[in-house]
Structures are given as C-alpha cells and as structure tokens.
Amino acid sequence: MSKQWTTVLIAASLALTLVSAPALAFKSQYKMSMVVGPNTAWGMGAQRFADLVKERTDGKINIKVYYSGALFAGKQTNEFTLLRQGVADFSLASTINWSPQVKELNLFSLPFFFPDHASLDAVVQGKAGDQIFARLDRLGVKPLAWGENGFRQLTNSRHEIAAPADLADLKIRVVGSKLFIDTFQALGANPTAMPYSEALTALQQGVVDGQENPVGGVIVPYKLWQYSQKYLTVWNYVVDPLIYAVNGREWKAFSPEIKKVLLQSAQDAARYQKALARVGLDDGAALAYLKEQHEAPDVTDPYGVLEKNGVTVTRLDADQLAAFKKKVAPVVDKWTDTIGADLVDTARTDQKQAQ
C-alpha cells in the first residue's frame, strides 16, 4: 500500500471515530523534547513525527518540538525523568541520555558490542529490543519506535589516534554517563562529562581536546572542523539508538484510534529519520529510500565532506580495533553485570540469529 493511501485511510478512520465518539480533551499544544538542533537527522526526524501526527489527526494533536535542550535547560541526562513527570509530552531521545535512569539502555554503550548496522537492527528488532521497550513502559514512558543517531566516532584537535596509546591524557568530552567515563579511563584518556550545550564552547576554547559523536548526526551538521577537530577516528565503538516516546499518562488518555495514529506516525518518521542518519554510511539503502520519497539530503558523503574540510580520517583495521577491545574488556564485564547478564545474552542471541 502506498504512503499516500496509508495516510488517507488513517485520516478517514480517525475522522469517523471523532464524529461518533464523545469529544476528546486535547491539549492546545504538546511539547516534544530534543537534545540537538533542527538541522540534524535527529531533529528532522522529530519534526517529521510532529508533522505526520498533526496531518493525520486533522490538527487535533499539535506537537511543538523544543530543540537544543530547551525543556531540560541543557541537562540532557535529566530528560527521561522530565518525560515521566510530564514536563515533556513526547520525546525523540538518545538511549545514552536515558541510561542513568534506565540501566538496561547502557547495552548500546557497551564498547565494541555493535560492530555494524546489521548487529544493531537485529537487537532493536529482536527479543532484547522488546524487553527494553517493556521496561520503559513499566517505568511510565511509552516507547513508540526506534530511531538512530548513529555510530559514535572520535575527533580531536591534537593528533591522529590509531592505537590506545594515542589517547594518553587527551581531554575528551563525554556525556554524563559513568560507562563512558569508565571506557575512556580504561583507554588512558581524561574524560570530561558535560552537556552538549557546553561542548562546542569547550572545544573552541581548548578546555577539552576532543569529543565522540556520530558523523552524520553531529560532527558534520555542527561542522566540528571549525572547532579545531582536525582528526577523526572511525572505530564504531558504541552506537546511539534513539527512541520515539510519549509520557505514559498521556498515552493512557488517548483513544485507541489516536494511539494507532501515534504508533504509525512514529514508525514512518523513524524510517525516514534512520535513513537520514545512515546516508553515506551504509550500503546505499538509506539514500535509495530517500530518493524514493523524493528527498534530497544535503550530504550524501559525510567522510568526503570531512576530508574536503581538512580533517584527517583514520579508519581502524581489525588488528587495531583488537587493541582497543582488549583495553576495555574489563569495562564490558563490569557493565554487563549492571545492565543485566540475561539482557546482554539475549542481545547476543539476537545478533547470532540474524547472521
């Protein structure tokens, strides 16, 4: 069925329900939380969701996206709590930012656990992904769909990094997650936790030497080469899935028909958002899908953009990656216990079954 017919059928079904059912008490505006700005795949995916919901509910649900941490004053690791409390009604959030409150989400930050997109897809679409969504639901947040920020790569202003020794004493900005701090300490670096709202200034002023973020999601859109980040290491050390979600109380208040619209809109927006995040970083499927949707992304070769702007791109081979993995093996063991060995084992099984 075409996207146009799907939209028509959803709208028609909803219209009939609204006519026959008692009037629903909608807010004049719903708030959606975002960490980064609108010019990213992440931000565009949030706006696509808001647009689809407004269209498919005939304007009954109007969602305003609050970019750049506006709802949580830049303290991104508070976002899950604020969504539970209803400060935000909706969110498109990083699993990293929610992991201090939801230990299971640290699964995606286990260093070198997810080598590629296929391994990630197997987990979020498998039993482990279902278990994580069920956990969030029990905690008062209804997950709707998986999005993606991407694999996080390392940049710095000092020199090329191709071995753990190259990280010695480098000041690396990381998110406020103890797992990230443990990982970079194990690699010999000096990790500094700070909100992303402060990171660009810290890079510009030399307070930190480097940072780690997805290429397509953050490094290229924010032009980090303009902040002295002239060296980039491609190592896929952790991945950063996103979650479309709604406050649990709001979810329960919606009718079954509205819930169906929200779920379908999140899934449609997520497919678009993930394609934007993977353009130029996968086997070409993301770009092919966007072309089918008559979308023309501004950047289709993110590594080419980096190199054009004077960034040295270092791609680690299997032997080089093995040296990093050996260093962080104790971190993986420690955090497997924190996350839950059963969930980690389930994720490994999901990956094996997808091979």
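Residues numbered from 1 in each chain as written. Predicted model: local features only at pLDDT ≥ 70, side-chain atom pairs only at ≥ 80, totals over all residues. Heavy atoms only, no water.

Trainee: Describe the layout of surface pockets, listing the residues and the values that go with them.
Mentor: Here the largest pocket is characterised by a volume of approximately 420 Å³. Across the lining of the largest pocket, the residue classes break down as 11 nonpolar, three polar and three charged. (1 Å grid on protein atoms, 1.4 Å probe; cavity = no way out; pocket = protein on both sides within 12 Å on 5 of 7 lines; lining within 4 Å. Points joined across faces, edges and corners; volume = space filled by probe spheres on them. Nonpolar A, V, L, I, M, F, W, Y, C, P; charged D, E, K, R; others polar.)

Trainee: Let's hear about the packing of aromatic side chains: which residues, and what values?
Mentor: Enumeration according to the criterion identifies 17 aromatic pairs in this entry. Where Tyr30 meets Phe254, the ring centres are 5.9 Å apart and the plane angle is 50 degrees; that geometry is what we call tilted. Of this pair, Tyr30 sits in strand β1 (residues 30-33) while Phe254 sits in the loop between α10 (248-253) and α11 (256-278); the two residues are 224 residues apart in sequence, bridging distant segments of the chain. With a relative accessible area of 1%, Tyr30 lands in the buried category. Here a set of aromatic residues connected by ring pairs shows up, and it is made of Phe112, Phe180, Phe184, Trp235, Tyr237 and Phe324. Over the aromatic face of Tyr272 sits the side chain of Arg48, whose NZ or CZ is 3.7 Å from the ring centroid. Positioned above the aromatic ring of Tyr303, the side-chain terminus of Arg315 is 4.9 Å from the ring centre. (Phe/Tyr/Trp six-rings, centres within 6.5 Å; stacked < 30°, edge-to-face > 60°. Helix = DSSP H or I, 4+ residues; strand = E, 2+ residues; numbered from the N terminus. Buried < 20%, exposed > 50% of the residue type's maximum accessible area, 1.4 Å probe, protein only. Lys NZ or Arg CZ within 6 Å of the ring centre and 35° of its normal.)

Trainee: Describe the environment of Ala199, with residues and values.
Mentor: Here Ala199 shows up in helix α8 (residues 196-205). Considering only alpha carbons, one finds Ala199 and Phe26, 173 residues apart in sequence, at a separation of 38 Å. Residues within four places of Ala199 in sequence aside, it is in contact with Arg173 and Met194. (Contact = heavy atoms within 4.5 Å.)

Trainee: Any details on empty space enclosed by the protein? Residues and values, ideally.
Mentor: Using the criterion set out here, one finds one cavity of 30 Å³ or more in the structure. Approximately 110 Å³ is the volume attributed to the largest cavity. For the lining of the largest cavity, the secondary-structure elements that each account for two or more residues are α4 (95-98) and β4 (141-156). Grouping the constituent residues of the lining of the largest cavity by class yields seven nonpolar, five polar and three charged.

Trainee: An account of unusual backbone geometry is needed here, citing residue identities and associated values.
Mentor: With a phi angle near 55 degrees, Ser68 is a residue other than glycine that sits in the positive phi range. Examined against the element boundaries, Ser68 turns out to sit in the loop between β2 (63-66) and α3 (79-85). By relative accessible area, which is 46% here, Ser68 ends up partly exposed. The phi dihedral of His294 is positive, around 60 degrees, even though this residue is not glycine.

Trainee: Any chance you could break down helix α2 (residues 41-56) for me, citing the residues and the numbers?
Mentor: Taking 1.5 Å as the rise per residue, α2 with 16 residues should run 22 Å; its terminal C-alpha atoms sit 22 Å apart, in good agreement. Looking at α2, one finds that the buried residues are Ala41, Trp42, Gly43, Gly45, Ala46, Phe49, Ala50, Leu52, Val53 and Arg56. Immediately beyond the C-terminal end of α2, within one or two residues, lies Asp58, with a positive phi of roughly 55 degrees. (Expected span 1.5 Å × (residues − 1).)

Trainee: Describe the packing of α11 against helix α12 (residues 285-292), naming the residues involved and giving the relevant values.
Mentor: One way to put it is that α11 packs onto α12 with a least axis distance of 8 Å and a crossing angle of 130 degrees. The angle between the axes of α11 and α12 places the two elements in the oblique class. The interaxial crossing formed by α11 with α12 has left-handed handedness. Residues Arg271, Tyr272, Ala275, Leu276 and Arg278 of α11 form the contact with α12, whose own contacting residues are Ala286, Tyr289 and Leu290. Tallied by class, the residues present in the contact of α11 with α12 amount to six nonpolar, no polar and two charged. (Axes fitted to C-alpha atoms, helices over the stretch in contact; angles between N-to-C directions. Parallel < 35°, antiparallel > 145°, perpendicular 65-115°, else oblique. Left-handed = near helix turned anticlockwise from the far one by under 90°.)

Trainee: So what's going on with the pattern of salt bridges? Residues and values would help.
Mentor: Tallying each qualifying case throughout the model produces 16 salt bridges. With its nearest N and O atoms 2.7 Å apart, the salt bridge here joins Glu295 to Arg48. With a gap of 247 residues between them, Glu295 in the loop between α12 and α13 (302-308) and Arg48 in helix α2 connect regions that are remote in the sequence. The exposure class of Arg48 is partly exposed, given its relative accessible area of 22%. When salt bridges that share partners are traced, they join Lys27, Asp89 and Glu250 into one network. (Salt bridge = Lys/Arg side-chain N within 4 Å of Asp/Glu carboxyl O.)

Trainee: With reference to specific residues and values, describe the nonpolar core.
Mentor: With 51 residues, the main nonpolar core has Met32, Phe49, Ile63, Phe90, Leu232, Tyr244 and Leu306 as its most contacted residues. Examining the composition of this core, we find that six residues originate from one element, α2, more than from any other. The residues contacting Phe49, other than those within four sequence positions of it, are Met32, Ile63, Phe90, Leu144, Tyr244, Leu262, Ser265, Ala266 and Ala269. The next biggest cluster of nonpolar side chains, apart from the first, holds 36 residues, and it includes Ala88, Val141, Val239 and Val344. (Core = buried A, V, L, I, M, F, W, Y, C linked by side-chain atoms within 4.5 Å.)

Trainee: Mind laying out helix α6 (residues 127-138), listing which residues take part and the relevant values?
Mentor: When the terminal C-alpha atoms of α6 are compared, their 17 Å separation across 12 residues agrees well with the 16 Å that a helix rising 1.5 Å per residue should span. Residues Ala128, Gly129, Ile132, Phe133 and Leu136 constitute the buried set of α6. Looking straight down α6, one finds its buried side chains confined to an arc of 135 degrees; they lie on one side. The outward face of α6, more than 90 degrees from its buried face, is lined by the exposed residues Lys127, Asp130 and Arg138. Buried residues in α6 make contact with α3, α4, α5 (117-124), β4, β8 (231-247) and α15 (341-354). Positive backbone phi, approximately 100 degrees, marks Gly140, located one or two places after α6. (Arc of directions from axis to C-beta.)

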